Amino acid sequence: MGDANVREPEHSFQRSIAMSHPTKPAGRLLACAAAAAITILAVPAQALDTIKIMTPNDVSCSPYPQIASDEFGFFAEEGLQVDLLSSDTSVPYIAFLKNGQADIVTLDSGMILQAVHTGQPISIVYEAYQRGGDGLVVLAEGDIASVADLKGKTIGMASDRDQLTTALALSAAGIDITEVTTVVVGDGGPVVAKAMLDGDIQAFAAAFTDFPGLAAGGLKIKNITPANVSQIPGNTWAVWTPTVEEKRPLIEKFLRAWAKGQHAGIMDIKAVMSACKKRIPEQWEKAGMGESIVENSVANTQMRRTLKYGELQGDIWTDVQPPYVKFGEIPGLVEISKFIDASFIDAANDFSTDDVKKAVKTWKEANKDILVN
């Protein structure tokens, strides 16, 4: 077991960067399977089991558990070294599961349903983001109070992929997407903020991780995302089903450490902010940006909405499918028993709040000079 106080260069967390031309990570793509990788963090002295993972926003504080779990020593306590593969790629995450270059990856609900429909043997084992990762915002002091007010308006989107989010949101108010104008404006805070303030767009559809940048820039926004969009699980941990039993001990350890990291955010958000600022200081250069990103993750996308962390919501996975069929994302409904594996949840939650408290306290005592107030 590693010491709860993880110090440089004792990190059990390393990052692999694909040696290829970068493409914009959209939370669904990752590095070429055959790409070479370089380690930019020191390998720990003790012998640890390596687990290779892929998550979106791997240079962001948004998936804060992967930072908190390393800084507070939860990975090391499980005897794990985490190899974070780059998400800056155009190759589907599932390809890495299939060829064994990744042991566990996060997939959004659309990717999961599409993969199952194409016969890919994947299983979801832990809902990392139990709230949808995408939504719509408008100016807080504008004339739009809800999605029902968007008929005939112009909606800006971070990318073409937000067309589905927009269509789903509008459908809640009985509005067809043909009754609005959609335009891709990118996810750049200043550009989007100007478009909203100038009235070029009346709403903005994007990932929730794009919204803190608007707020940090001084733009007052209001979230009008309907429940039918919010209830769709965001990124969910998925594995290659044929290797489940072989990798079960490794995956159980990883998910337990991840759950501890999630719990740390609820228990001591300032400590998590401090850990994230230490790892990704550039996200804290603009006042309020880093805090907004962590707060959004802790209180929104990664907030636990079930009795246990990561618990798989079978009813939700059944209910979210009809809209995907309606909008042509999948050809038909999928029986959830084909891809849901709840057998990891008890192991992932096999820890106590005291375990987390002790580790966080030790880390704070060793990092007093960088604590966020």
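All values reported here derive from a predicted model rather than from experimental measurement. (Residues numbered from 1 in each chain as written. Predicted model: local features only at pLDDT ≥ 70, side-chain atom pairs only at ≥ 80, totals over all residues. Heavy atoms only, no water.)

**A closer look at the nonpolar core**
The biggest cluster of nonpolar side chains holds 49 residues, and the ones touching the most others in it are Phe 72, Ile 104, Tyr 126, Trp 237, Phe 254 and Leu 255. Listed in part, the 45 residues of the second largest apolar core include Leu 97, Val 147, Ala 205 and Ala 238. (Core = buried A, V, L, I, M, F, W, Y, C linked by side-chain atoms within 4.5 Å. Buried < 20%, exposed > 50% of the residue type's maximum accessible area, 1.4 Å probe, protein only.)

**A closer look at the packing of helix H1 (residues 64–71) against helix H10 (residues 269–279)**
At a closest axis distance of 9 Å, the pairing of H1 and H10 adopts a crossing angle of 95°. The angle between H1 and H10 places the two elements in the roughly perpendicular class. Contact with H1, carried on its side by Tyr 64, Ile 67, Ala 68, Asp 70 and Glu 71, involves Val 272, Ala 275, Cys 276, Lys 278 and Arg 279 of H10 and no other residues of that element. The class makeup of the residues in the contact of H1 with H10 is six nonpolar, no polar and four charged. (Axes fitted to C-alpha atoms, helices over the stretch in contact; angles between N-to-C directions. Helix = DSSP H or I, 4+ residues; strand = E, 2+ residues; numbered from the N terminus. Parallel < 35°, antiparallel > 145°, perpendicular 65-115°, else oblique. Contact = heavy atoms within 4.5 Å. Nonpolar A, V, L, I, M, F, W, Y, C, P; charged D, E, K, R; others polar.)

**Section: the packing of helix H9 (residues 244–267) against helix H15 (residues 353–366)**
Where H9 contacts H15, the two axes come as close as 10 Å, and the packing angle between them is 75°. One element, H9, and the other, H15, form an angle in the roughly perpendicular class. Touching Lys 260, His 263, Ala 264 and Met 267 of H9 are Thr 353, Val 356, Lys 357 and Val 360, all from H15. Residue classes in the contact of H9 with H15 are distributed as four nonpolar, two polar and two charged.

**Focus: the environment of Asn 373**
Structurally, Asn 373 is set in the segment after H15. For the pair formed by Asn 373 and Ser 274, sequence separation is 99 residues and the distance between their alpha carbons is 8.7 Å.

**Some words on the pattern of salt bridges**
Note on pairing: side chains with opposite charge can pair once their charged atoms come close. On inspection of all chains with the given rule, the structure shows 16 salt bridges. Salt-bridge contacts for Glu 71 lead to Arg 279; the nearest nitrogen and oxygen are separated by 2.6 Å. Placement of Glu 71 in helix H1 and of Arg 279 in helix H10 is noted, with a sequence separation of 208 residues between them. This pair shows no difference in class: Glu 71 is buried, exactly as Arg 279 is. (Salt bridge = Lys/Arg side-chain N within 4 Å of Asp/Glu carboxyl O.)

**Some details on the sheet that holds strand E8 (residues 134–139)**
Taken in spatial order, the five strands make up an open sheet running E10-E9-E11-E8-E12, and their pairing is mixed. Edge positions in the sheet fall to strand E10 (181–184) and strand E12 (221–223), since each of these pairs with one other strand and no more. The mean angle between the axes of side-by-side strands here comes to 30°, regardless of whether they run parallel or antiparallel. For strand E9 (residues 154–157) and strand E11 (residues 203–207), the ladder comprises three bridges, and the chain directions are parallel. Considered in E11, the bridge of Met 157 is made with Ala 205. The strands that helix H5 (residues 162–171) touches are E8, E9, E10 and E11; relative to E8, the one it contacts most, it runs at about 70°. Its contacts with the sheet place helix H6 (residues 189–197) against E8 and E11, and it is angled at close to 50° to E8. (Pairing = 2+ DSSP bridges.)

**Considerations on the environment of Ile 345**
Looking at the secondary structure, you find Ile 345 in helix H14 (residues 345–348). The spatial distance from the C-alpha of Ile 345 to the C-alpha of Gly 310 is 6.6 Å, given a sequence separation of 35 residues. Ile 345 has contacts with Val 125, Tyr 126, Lys 308, Tyr 309, Gly 310 and Glu 311, leaving out every residue within four places of it along the chain.

**Regarding the packing of aromatic side chains**
Within the structure shown, the criterion is met by nine aromatic pairs. Pairing Phe 204 with Phe 211 gives two aromatic rings, centres 6.0 Å apart and planes at 70°, and the pair type is edge-to-face. Through a chain of ring-to-ring contacts, three or more aromatic side chains come together here, namely Phe 75, Trp 237, Phe 254 and Trp 258. Seen from the ring of Phe 344, Arg 248 lies directly overhead, with NZ or CZ sitting 4.3 Å from the centre. Above the ring of Tyr 309, the side-chain terminus of Arg 304 is found at 4.4 Å from the ring centroid. (Phe/Tyr/Trp six-rings, centres within 6.5 Å; stacked < 30°, edge-to-face > 60°. Lys NZ or Arg CZ within 6 Å of the ring centre and 35° of its normal.)

**Side note on H1**
Counting buried positions along H1 gives eight out of eight residues, so the element sits mostly inside the fold. Three or more residues of H1 are buried, namely Tyr 64, Pro 65, Gln 66, Ile 67, Ala 68, Ser 69, Asp 70 and Glu 71. Just past H1, the residue Gly 73 takes up positive phi, approximately 85°.

**Side note on the confidence of the model for the protein**
Looking at the protein, pLDDT values average 84 and 87% of them are 70 or higher. This stretch, residues 1–10, has a pLDDT under 50; its non-local contacts, to residues over four places away or in other chains, come to 26 contacts. Low pLDDT (under 50) marks residues 17–44, which in the prediction has 75 contacts with non-local residues, meaning those over four places away or in another chain. (pLDDT = per-residue confidence, 0-100.)

**Description of the pairing of strand E4 (residues 80–85)**
Every regular strand shows the same layout, with side chains that alternate between the two sheet faces. Among the six residues of E4, six are classified as buried, and the element is accordingly described as predominantly covered. Pairing between strand E3 (residues 49–54) and E4: six bridges, direction parallel. Bridged to Thr 50 within E4 is Gln 81.

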